[in-house]
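Below, each chain spelled out in residue letters.
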Amino acid sequence: MKKKKRDFLGVYDFSHEEIYKIFETTEKLKKQVKRNRFKKYLKNKTLGMIFEKTSTRTRVSFEVGMSQLGGNALFLSKNDIQLNKGETIYDTAKVLSRFVDAIMIRTFAHENVVNLAQAADVPVINGLSDLLHPCQAMADFFTVFENKPELKRNPDSMKLTFIGDGNNVANSLFLLSAIIGNTFCIANPKGYGIPKQIQEMGEDLAKKSGAKFIFEENPIKAAKDADVLYTDVWVSMGQEKEKEEKVAIFKDYQINQDTLKEAKTDSIVLHCLPANRGMEITDEVMDGPHSRVFDEAENRMHVQKAILLKLLKK
Ligand code: CP
Ligand code: NVA
């Protein structure tokens, strides 16, 4: 019987065990790149990449990652394909499935990712929707564990504090925390927290892992004793019209020296990037000794290669 295809639409698509296995594979793949010795596990495989929003990291990391694995990637920008000219997601999924071995999509409504995956006959990877950014969260946890192996062994002793908007990146970190079992603390202005549907899903997952959640309004309090401080832009792609309003609302939700002082002395600072320096994070922190943001960006590629192998390798 043909094996059922797997998708990666949210971190919940993998079990705790599978996530740790992916981190193991990521470590091995990263070493191969360091030695400049690539194993061509995905020879002749093609990844189709639909982008309805802009990207630097996601595009480059998938494209270079596929090439290192012996395959190739197609950049399908919304300006160049028929999807945005009225062709349906269903038809696009069916047609692409005849050509490519997997599809990555970056889009607005999360429903688009779900519909694409339902119609596609090949694995679908969420490269960011308005709701979730699972590849980012996987790279983030890999970066944390790479820097702090003791937290990988004892995730229940880890506090990850997110300061800012309860949006796609925060949602995925929340859900991955719920699977891994660490404490996830978020400080956000009223009305900008983790949405109810994600909270419920996380609470359900936490029953198994023992993860704890802390919801705060005060960023300084939230930062107290954190192992990891994390932030994201105040105005996400697609929210440009709300810019002025959000910048005013979020002005105190910044990672700066005052926030950093509250965290553990050996804490690390992460940001999914792109950053608006001087807004959600200061130059001093982003370029300072606690920052791991560029390792984090690099790890996108290593972890995504491991995800591609999980979904595609026979
Ligand atoms: N973090 C991230 O997804 O970056 P891009 O928007 O550049 O892909
Ligand atoms: N929340 C941001 C993440 C960018 C990687 C956005 O959606 O624009």
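Just above, that's the structure.
Throughout what follows, the structure given in this document is the object of discussion. Please read all numbers here as calculations on a predicted model, not as lab measurements.

A look at the site of ligand 1
In step 1: What surrounds ligand 1 is the set Ser55, Thr56, Arg57, Thr58, Arg106, His133, Gln136, Cys272, Leu273 and Arg300.
In step 2: A distance of 2.9 Å separates a nitrogen atom of ligand 1 from a polar atom in the backbone of cysteine 272.
In step 3: At 2.8 Å, a backbone N or O of leucine 273 approaches a nitrogen atom of ligand 1.
In step 4: Here ligand 1 loses 96% of its free accessible area of 250 Å² to cover by the protein chains.

A word on the sheet that holds strand β3 (residues 102-106)
In step 1: In spatial order, the strands read β2-β1-β3-β4; together these four strands make up an open sheet with parallel pairing. Single-partner strands in this sheet number two, and they are β2 (72-77) and β4 (124-126). Direction aside, the axes of adjacent strands within the sheet are offset by 20 degrees on average.
In step 2: Here β3 pairs with β4 via three bridges, running parallel. Bridged to isoleucine 103 within β4 is valine 124.

Re the layout of surface pockets
In step 1: Reported here for the largest pocket is a volume of approximately 550 Å³.
In step 2: In terms of lining residues, the largest pocket is bounded by 33 residues, among which Val233, Val235, Ser236, Met237 and Pro274 are the most central.
In step 3: The set of elements that each furnish at least two residues to the lining of the largest pocket consists of α2 (57-68), α7 (168-180) and α10 (243-249).
In step 4: Taken together, the residues of the lining of the largest pocket break down into 12 nonpolar, 12 polar and nine charged.
In step 5: Taken as a whole, the second largest pocket spans an internal volume of roughly 460 Å³.
In step 6: In terms of lining, the second largest pocket is formed by 15 residues, of which the most central are Lys3, Lys4, Lys5, Leu311 and Lys314.
In step 7: For the lining of the second largest pocket, the per-class residue count stands at four nonpolar, no polar and 11 charged.

Concerning the site of ligand 2
In step 1: All residues adjacent to ligand 2 are Leu128, Asn167, Asn168, Val169, Asp232, Val233, Ser236, Met237 and Leu273.
In step 2: Within the side chain of serine 236, one N or O atom sits 2.7 Å away from a nitrogen atom of ligand 2.
In step 3: Taking methionine 237, its main chain carries an N or O atom lying 2.8 Å from an oxygen atom of ligand 2.
In step 4: Here ligand 2, which alone exposes 270 Å², has 94% of that area covered by the protein.
In step 5: A molecule is said to occupy a pocket when more than half its atoms come within 2 Å of that pocket's grid points, and by this definition ligand 2 occupies the largest pocket.
In step 6: Here the residues of the shell around ligand 2 sort into five nonpolar, three polar and one charged.

So, the packing of aromatic side chains
In step 1: This model, assessed by the stated rule, comprises 14 aromatic pairs.
In step 2: Judged by centre distance (5.7 Å) and plane angle (25 degrees), the ring pair of phenylalanine 162 and tyrosine 230 falls under stacked. With phenylalanine 162 in strand β5 (residues 159-163) and tyrosine 230 in strand β8 (residues 228-231), this residue pair connects regions lying 68 residues apart in the sequence. Like tyrosine 230, phenylalanine 162 is buried.
In step 3: Aromatic ring contacts, followed pair by pair, group Tyr20, Phe23, Phe141, Phe142 and Phe145 into a single cluster.
In step 4: The aromatic ring of phenylalanine 108 is capped on one face by lysine 53, whose charged end is 4.7 Å from the ring centroid.

Quick notes on the side chain of threonine 107
In step 1: Within the element layout of this structure, threonine 107 appears in the loop between β3 and α4 (110-119).
In step 2: On the basis of relative accessible area, threonine 107 is assigned to the buried category, the value being 0%.
In step 3: Engagement of the side chain of threonine 107 in a polar contact is seen with the side chain of asparagine 112, the distance being 3.0 Å.
In step 4: Contact partners of threonine 107, with chain neighbours within four places excluded, come to Glu52, Lys53, Asn112, Val113, Leu128, Ser129 and Asp130.

Reading guide: rules and limits
Residues numbered from 1 in each chain as written. Chains lettered and ligands numbered in written order. Predicted model: local features only at pLDDT ≥ 70, side-chain atom pairs only at ≥ 80, totals over all residues. Heavy atoms only, no water. Near = heavy atom within 4 Å. Polar contact = N/O pair within 3.5 Å; in protein donor to acceptor, adjacent residues only side chain to side chain. Areas by Shrake-Rupley, 256 points an atom, 1.4 Å probe, with all protein chains shown as cover. Pairing = 2+ DSSP bridges. Helix = DSSP H or I, 4+ residues; strand = E, 2+ residues; numbered from the N terminus. Axes fitted to C-alpha atoms, helices over the stretch in contact; angles between N-to-C directions. 1 Å grid on protein atoms, 1.4 Å probe; cavity = no way out; pocket = protein on both sides within 12 Å on 5 of 7 lines; lining within 4 Å. Points joined across faces, edges and corners; volume = space filled by probe spheres on them. Nonpolar A, V, L, I, M, F, W, Y, C, P; charged D, E, K, R; others polar. Sits in = over half its atoms within 2 Å of the grid points. Phe/Tyr/Trp six-rings, centres within 6.5 Å; stacked < 30°, edge-to-face > 60°. Buried < 20%, exposed > 50% of the residue type's maximum accessible area, 1.4 Å probe, protein only. Lys NZ or Arg CZ within 6 Å of the ring centre and 35° of its normal. Contact = heavy atoms within 4.5 Å.

Just distances and angles here, no functional claims.
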